[in-house]
Amino acid sequence: MGLFSKKPPCPICGGKISWFLPSKIEGEYICDTCHNKIDMETDKESQLTMQSFREYLTFYDQNQLLKDQFVISERIDFGLWDTKIIFDYQNKLFCLSKNLDKTVFEGKQLKSFIIKEDSAPLFEGSAAGLRRYASTVPERAMALAPQISQFMMNRQMARAMDKLDDGKANWSAPRQYFDVPEPFQVFNVELHFDHPYWTVIKCDMDGPRFDNNLPDVNGYIRSYQRSIGEIEKLVTAFKTVAFPEAPDQSIGHGAAGAQAVHTTMAPPVDAIGEIKKYKTLMEEGIISQQEFDAKKKQLLGI
Ligand SMILES: [Zn+2]
């Protein structure tokens, strides 16, 4: 036997075994074509035997029939980067890939799902009902408004001070960036299945971020609301394929709360405009520095 002795063909399909890192099941090499068909939970994959792999291939071929009839009704963001989930509302199917190259799930195989903002539940769905929980994110974003105004003011002040010596901006001076943690980091999505090869699928989707150069609560909340729009699409899609009859329940203030946020959102923005007006008055010598400082504190509520 030479060093480059030929490996026996794939025991499943008789195909050629890859020379580079071929996969094994129960110590036997299988070909890449067979291996690439595997789409299941990691621990199930690690426990595959030749027998259970053959059973899986039967499942795989049946799943191919679902792929053949799949008609894409909607594509929704799912996970990071350009990952999508596609839905077929007619046949009540979905696939966690935009290319139909993964397992196609039947809606009835989805037992429940939960979407959280970090660890706080936002949506929960099952045949028992679809629950929406009130989010505290907009309020917590609002609560950062004074801190943001202060940051912008400090930076403006630093720039003004910098210009004082020679009337020119010193762009080599260290720039200040806003560095405060957002109200939450990720939307955490968990799907629970009644399925031979999948029990749970989890994925994280990034929440909005503050612009660290020009942080702005309104901008943050707008982009939060856009994300919520996408999340709601996802929720509606899961409900449509998995439990169309499930009743809707809202927990907490829900939409009314979002409305309230709009009203309380205005003051910090106005405050900044007001402060700018007072600043001009100060620069024109109409009011003193002390009067300006007092007004600024009052407007920012600090
Ligand atoms: Zn093979």
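Scroll up to find the structure.
Cut-offs applied
- Residues numbered from 1 in each chain as written.
- Predicted model: local features only at pLDDT ≥ 70, side-chain atom pairs only at ≥ 80, totals over all residues.
- Heavy atoms only, no water.
- Core = buried A, V, L, I, M, F, W, Y, C linked by side-chain atoms within 4.5 Å.
- Buried < 20%, exposed > 50% of the residue type's maximum accessible area, 1.4 Å probe, protein only.
- Helix = DSSP H or I, 4+ residues; strand = E, 2+ residues; numbered from the N terminus.
- Contact = heavy atoms within 4.5 Å.
- Donors = N, O, S within 2.8 Å, 3.2 Å for Na, K, Ca; no water.
- Tetrahedral: all angles 85-135°; square planar, octahedral: opposite > 155°, others 65-115°.
- Expected span 1.5 Å × (residues − 1).
- Polar contact = N/O pair within 3.5 Å; in protein donor to acceptor, adjacent residues only side chain to side chain.
- Phe/Tyr/Trp six-rings, centres within 6.5 Å; stacked < 30°, edge-to-face > 60°.
- Pairing = 2+ DSSP bridges.
- Axes fitted to C-alpha atoms, helices over the stretch in contact; angles between N-to-C directions.

J.: A description of the nonpolar core should follow, citing residues and the corresponding values.
T.: The nonpolar side chains of soluble globular proteins are, as a tendency, buried together. Of all hydrophobic cores here, the largest spans 62 residues; its most connected members are F94, F113 and F238. Top contributing element to this core by residue count: helix α6 (residues 217-242), with 12 residues. The residues contacting F238, other than those within four sequence positions of it, are F78, I85, F87, F94, L110, F113, L191 and F243.

J.: Tell me about the coordination of the zinc ion, and please be specific about residues and values.
T.: For a metal with four tetrahedral donors the ideal donor-metal-donor angle is 109.5 degrees, whereas six octahedral donors ideally subtend 90 or 180 degrees. Within the protein, the zinc ion binds to C10 (SG), C13 (SG), C31 (SG) and C34 (SG); these donor distances fall in the range 2.2 to 2.3 Å. Each of the four donor atoms around the zinc ion contributes to a set of angles spanning 101 to 113 degrees, which defines the coordination as tetrahedral. Coordination of the zinc ion draws on donor residues from a single chain, spaced C-x2-C-x17-C-x2-C in sequence. With C13 in the segment before β1 (23-25) and C34 in helix α1 (residues 32-35), this residue pair connects regions lying 21 residues apart in the sequence. The class of C13 is partly exposed, set by a relative accessible area of 47%.

J.: If you had to explain α6 to someone new, which residues and values would you point to?
T.: Here α6 is 26 residues long and its end C-alpha atoms lie 36 Å apart, about the 38 Å a rise of 1.5 Å per residue gives. Regarding α6, its N-cap is D216, as a side-chain oxygen of that residue lies 3.1 Å from the backbone nitrogen of N218 further along.

J.: Account for the packing of aromatic side chains, naming residues and giving values.
T.: In the structure shown here, the tally under the stated rule is 21 aromatic pairs. Ring plane angle 25 degrees and centroid distance 5.5 Å describe the contact between F94 and F105, whose orientation is recorded as stacked. A residue pair is termed long-range when its members are at least 10 positions apart, and F94 in strand β5 (residues 93-95) and F105 in strand β6 (residues 104-106) qualify at 11 residues. Across the pair, F105 and F94 agree in class, each one buried. Centre to centre, the rings of F94 and F193 are 6.3 Å apart; their planes meet at 25 degrees, and the pair counts as stacked. Of this pair, F94 sits in strand β5 while F193 sits in strand β10 (residues 186-193); the two residues are 99 residues apart in sequence, bridging distant segments of the chain. The residues F94 and F193 share a single accessibility class, namely buried.

J.: Could you give an account of the sheet that holds strand β4 (residues 84-88), with specific residues and numbers?
T.: With antiparallel pairing, four strands are arranged side by side in an open sheet as β3-β4-β5-β6. Taken across any chain shown, the strands that pair with only one partner, and hence form the sheet edges, are β3 (74-77) and β6. Neighbouring strand axes in the sheet, compared pairwise and without regard to direction, differ in orientation by 25 degrees on average. Of the pairings in the sheet, the one linking β3 to β4 comprises four bridges and is antiparallel in character. In the strand pairing of β4, D77 is matched with K84. Relative to the sheet, helix α3 (residues 50-69) contacts β4, β5 and β6, its axis offset from that of β6 by approximately 85 degrees.

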